[in-house]
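Letter by letter, the chains look like this.
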Amino acid sequence: MTRQRRRRIIRTRRTAAGLVLAAAISFLAGMTDATGLALTGDFVSFMTGNTTRAALSLGDGNLRHAAVLLSAILVFVLGNAAGIVIAHFSERRTFVVLSCVSIVLVAASIMTAENLAMPRFYLVVISMGMVNAAVEQIEGLPIGLTYVTGALSRFGRGIGRWIVGDRRLDWTIQIVPWAGMFAGAVAGTWLTRTAGSAAFWLIAVFAMMIAFAVLLIPKRVQRRFGNSQRSTPSPIGYHNKAQSNQIEGIAQ
């Protein structure tokens, strides 16, 4: 086996592992968002929707609902920040981040009293912020987990570039988080109708199952899912073949 072919196989395996993981986490996010929306009436991961709804509430004079949604956006941002900090200090970033997400979801599941509905809502929101730190990129290409507008935009722009002559197909991976989130939302809708508020328990278990499955992925591969690789991005994004081979050699 030639060195170039070996590199290509390793890169393909890394990409496949990243895509499966991104699909699973997006499925988790879709399931959580659908359950949260069904139980609370507000999104727990779709902050674009919450932003628009907050503006509408302000326009209607519903200051309380606007404050709830704006607070949710702030909590989501803080959850993203917390996820990055946790990932930074973790050898197995994806496993640790997903474990923390599961723990937070369990805490939310315990809050069954009506007077704890708002804290439960914010705990679920912060868990969805944290989960974005689990996978930030796949082989140098940015990927979103709890929001798919950016992924669909990158997918559409990829189609446009292909039409005008750019034959690279790396942009096609952007459809993975959308498909995962859609499937998860369908599952979350069914789960909520079947189990009610207990659905969060099942979602927390699913998050932990993904976390333990991640242990099968080598640590060096998990580290590549974060933005720590900015200085040594994947060859996918390069036109210069010599530079690509040099970077890949360093990565190995």
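Residues numbered from 1 in each chain as written. Predicted model: local features only at pLDDT ≥ 70, side-chain atom pairs only at ≥ 80, totals over all residues. Heavy atoms only, no water.

The next subject is the packing of aromatic side chains. For the structure shown, the criterion picks out 6 aromatic pairs. Taking the centre distance of 5.5 Å and the plane angle of 10° together, the rings of Trp178 and Phe182 count as stacked. Here the residue Trp178 and the residue Phe182 both occupy positions in helix H7 (residues 175-195), the gap between them amounting to 4 residues, near one helical turn. The ring of Trp162 has Arg167 sitting right over it, with the charged end atom 4.4 Å from the ring centre. (Phe/Tyr/Trp six-rings, centres within 6.5 Å; stacked < 30°, edge-to-face > 60°. Helix = DSSP H or I, 4+ residues; strand = E, 2+ residues; numbered from the N terminus. Lys NZ or Arg CZ within 6 Å of the ring centre and 35° of its normal.)

What follows covers the environment of Val96. By the secondary structure assignment, Val96 is in helix H4 (residues 93-110). Judged by its relative accessible area of 25%, Val96 is partly exposed. Val96 sits 115 residues away from Ala211 along the chain, and the two C-alpha atoms are 7.4 Å apart. Once residues within four sequence positions are removed from consideration, Val96 is found in contact with Ile86 and Ser90. (Buried < 20%, exposed > 50% of the residue type's maximum accessible area, 1.4 Å probe, protein only. Contact = heavy atoms within 4.5 Å.)

Counting residues in hydrophobic clusters, the biggest one holds 48 residues, and the most contacted among them are Leu21, Ile25, Leu98, Val125 and Val135. Looking at this core, the elements that each hand over two or more residues are helix H1 (3-40), helix H3 (63-88), H4, helix H5 (117-130), H7 and helix H8 (199-214). The biggest single contributor to this core is H8, with 8 residues. Sequence-distant contacts of Val125, that is, excluding residues within four places in its chain, are made with Phe43, Val44, Met47, Ala72, Val75 and Phe76. (Core = buried A, V, L, I, M, F, W, Y, C linked by side-chain atoms within 4.5 Å.)

So, about the environment of Gly226. Inspection of the secondary structure assignment puts Gly226 in the loop between helix H9 (219-223) and helix H10 (241-251). When the C-alpha atoms of Gly226 and Ile84 are compared, they prove to be 8.9 Å apart, with 142 residues separating the residues in sequence.

The next point concerns the packing of H3 against H5. Close contact between H3 and H5 brings their axes to 7 Å; oriented N to C, the two are set at 40°. Considering their axes alone, H3 and H5 lie oblique with respect to each other. Considering only the axes of H3 and H5, their crossing is right-handed. Here Arg64, Ala67, Val68, Ser71, Ala72, Val75, Phe76, Gly79, Asn80, Ala82, Gly83 and Ile86 of H3 lie close against H5, whose contacting residues are Met118, Phe121, Tyr122, Val125, Ile126, Met128, Gly129 and Met130. Of the residues in the contact of H3 with H5, the class split is 14 nonpolar, 5 polar and 1 charged. (Axes fitted to C-alpha atoms, helices over the stretch in contact; angles between N-to-C directions. Parallel < 35°, antiparallel > 145°, perpendicular 65-115°, else oblique. Left-handed = near helix turned anticlockwise from the far one by under 90°. Nonpolar A, V, L, I, M, F, W, Y, C, P; charged D, E, K, R; others polar.)

Attention shifts here to the pattern of salt bridges. Counted under the stated rule, the structure contains 2 salt bridges. With its nearest N and O atoms 3.5 Å apart, the salt bridge here joins Asp42 to Arg53. Of this pair, Asp42 sits in the loop between H1 and helix H2 (47-59) while Arg53 is found in helix H2, placing the two residues 11 residues apart along the sequence. Judged by relative accessible area, Arg53 falls into the partly exposed class, the value being 29%. For Arg168, the salt bridge identified is with Asp166, shortest N-O distance 3.0 Å. Judged by its relative accessible area of 31%, Arg168 falls in the partly exposed class. You can call Asp166 partly exposed: its relative accessible area is 23%. (Salt bridge = Lys/Arg side-chain N within 4 Å of Asp/Glu carboxyl O.)

Turning our eyes to something else, we now look at H1. If you check H1, its first and last C-alpha atoms are 54 Å apart, about what 38 residues at 1.5 Å a residue would give, namely 56 Å. Downstream of H1 by a residue or two, Gly41 has a phi angle that is positive, lying close to 85°. (Expected span 1.5 Å × (residues − 1).)

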